[in-house]
Amino acid sequence: MASAPTQPPLLPVTNPAPGSSPATGGGSDAPIAQPAFRLFLSRVSDSARRSLSDRRPWGELLDRSAFSKPDSVSDATSRLRRNLAYFRVNYAAVVAFALGASLLAHPFSLLILLGLLAAWCFLYLFRASDQPVVLFGRTFSDRETLMGLVGASFVLLFFTSVASLIISGLLVGGALVAAHGAFRVPEDLFLDEPNAAAGNSAAQGLLSFLAAPGSGV
């Protein structure tokens, strides 16, 4: 009489604990974080693109037939206020151009400013928290690094020509904007409420890249 076939032994099965995920071949299922500096550049690019989409035509800005002398200081102030609301992106470009021209005229000061910005980016803003700054065999804490960068910024900005160039560029750009806004007649400009709200959101979006990279803002 033939004997019944032998059943293979059963292997023990372990049920995973609730909330746990099965192991993968890579050893870790944590997503790889996008580098902070790349995310920062992406934020800057998106903010600039959204802001430039709201600029007015330059031909409308430079229409010579729309210029006249204001009757009084209050008239000039009223014109400037309306023109600022309408040409805000164009005016920001004019100020940025004046600032850039002021720095490009002095390459040494521009190099100092770029080096200072690079030090802030790579030593503090985008440095990983688990990678301390080590100089000359000494490890510096985050607070010491911050104080050192603040001190270096103060020395380089106020004991060189960098600060004076930045201030002069901003003053020249502001003077151009003020003169144009005071002499440009805004009667042909129509800024309705939806456009004003969009302009406010664009102004906020221009600075949105200053938010923390991981904040999701």
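Residues numbered from 1 in each chain as written. Predicted model: local features only at pLDDT ≥ 70, side-chain atom pairs only at ≥ 80, totals over all residues. Heavy atoms only, no water.

I'd love a proper account of the packing of aromatic side chains, names of residues and values included.
The final tally for this structure, using the stated rule, is 5 aromatic pairs. Geometrically, the ring pair formed by tyrosine 86 and phenylalanine 87 is edge-to-face, given 4.9 Å between the ring centres and 85 degrees between the ring planes. Judged by relative accessible area, which is 9%, tyrosine 86 ranks as buried. Measuring from centroid to centroid gives 5.2 Å for phenylalanine 154 and phenylalanine 158, while their planes differ by 40 degrees, and the two rings are tilted. Taken together, the residues phenylalanine 154 and phenylalanine 158, both in helix H6 (residues 142-158) and 4 residues apart, mark about one turn of the helix. Residue class for phenylalanine 154 comes out partly exposed when judged on its relative accessible area of 46%. Classification of phenylalanine 158 by relative accessible area gives exposed; the value is 54%. Over the ring of tyrosine 86 we find arginine 56; its NZ or CZ atom is 4.1 Å from the centre of that ring. (Phe/Tyr/Trp six-rings, centres within 6.5 Å; stacked < 30°, edge-to-face > 60°. Buried < 20%, exposed > 50% of the residue type's maximum accessible area, 1.4 Å probe, protein only. Helix = DSSP H or I, 4+ residues; strand = E, 2+ residues; numbered from the N terminus. Lys NZ or Arg CZ within 6 Å of the ring centre and 35° of its normal.)

Describe the nonpolar core, listing the residues and the values that go with them.
Counting 6 residues, the largest nonpolar core is built from Leu61, Tyr86, Phe87, Tyr91, Val177 and Leu189. Discounting residues that sit within four places of it in the chain, valine 177 has contacts with Leu80, Leu84, Tyr91, Val94 and Val95. By size, the runner-up hydrophobic cluster in this structure holds 5 residues, among which are Leu103, Ile112, Leu113 and Val162. (Core = buried A, V, L, I, M, F, W, Y, C linked by side-chain atoms within 4.5 Å. Contact = heavy atoms within 4.5 Å.)

With reference to specific residues and values, describe the UniProt feature "transmembrane region" (unreviewed entry) in the chain.
The feature "transmembrane region" (unreviewed entry), as given by UniProt, occupies residues 85-104, 110-126 and 146-179 in the numbering adopted here. Taken end to end, residues 85-104 is 95% helix and 0% strand, and its first and last C-alpha atoms sit 29 Å apart. Structurally, residues 146-179 is divided into 91% helix and 0% strand, and its ends, taken at the C-alpha atoms, are 40 Å apart. (UniProt positions renumbered as here; feature names shortened; annotations may be inferred.)

Can you tell me about the confidence of the model for the chain, naming the residues and giving the values?
Per-residue pLDDT for the chain has a mean of 75; in total, 65% of the residues score no lower than 70. Mean pLDDT across the elements of the chain bottoms out in helix H8 (residues 193-206) (49) and peaks in helix H7 (residues 162-183) (94). Within the model, the stretch residues 19-34 combines pLDDT values under 50 with 2 contacts to residues more than four positions away or in other chains. Throughout residues 202-217 the model reports pLDDT below 50, and contacts reaching past four residues in sequence, or to other chains, amount to 22 contacts. (pLDDT = per-residue confidence, 0-100.)

Give a detailed account of H6, specifying residues and quantitative values.
Along its 17 residues, H6 runs 24 Å from first to last C-alpha, staying within 8% of the 24 Å computed at 1.5 Å per residue. Taken as a whole, H6 has its buried residues at Thr145, Leu149 and Ser153. Angularly, the buried residues of H6 cover 70 degrees about the axis, an arc narrow enough to put them on a single face. Seen from the buried face of H6, the exposed residues on the opposite side, beyond 90 degrees, are Arg143, Met147 and Phe158. Turning to H6, the residues buried within the fold contact helix H5 (107-125), strand E1 (133-135) and strand E2 (138-140). (Expected span 1.5 Å × (residues − 1). Arc of directions from axis to C-beta.)

Can you tell me about the environment of valine 150, naming the residues and giving the values?
Its location among the elements puts valine 150 in helix H6. Among the residues examined, valine 150 registers a relative accessible area of 42% and is labelled partly exposed. Taking C-alpha positions, valine 150 is 9.3 Å from tryptophan 120, a pair spaced 30 residues apart along the chain.

Explain helix H4 (residues 88-104) to me, and be specific about the residues and the numbers.
Helix length check: H4, at 17 residues, gives a terminal C-alpha distance of 24 Å against a target of 24 Å (1.5 Å per residue), a fit within 8%. Among the residues of H4, Val89, Asn90, Tyr91, Ala98, Ser102 and Leu103 are the ones counted as buried.

Which residues make up the packing of H4 against H7, and what values do they have?
The contact between H4 and H7 brings their axes to 8 Å, and the two run at 145 degrees. Judged by the twist between their axes, the crossing of H4 over H7 is right-handed. Note on element contacts: H7 touches H4 through Leu165, Ile166, Ser168, Gly169, Leu170, Val172, Gly173, Gly174, Leu176, Val177, His180 and Gly181, opposite Tyr91, Val94, Val95, Ala98, Leu99, Ser102 and Leu103. Residue composition of the contact of H4 with H7, by class: 12 nonpolar, 7 polar and no charged. (Axes fitted to C-alpha atoms, helices over the stretch in contact; angles between N-to-C directions. Left-handed = near helix turned anticlockwise from the far one by under 90°. Nonpolar A, V, L, I, M, F, W, Y, C, P; charged D, E, K, R; others polar.)

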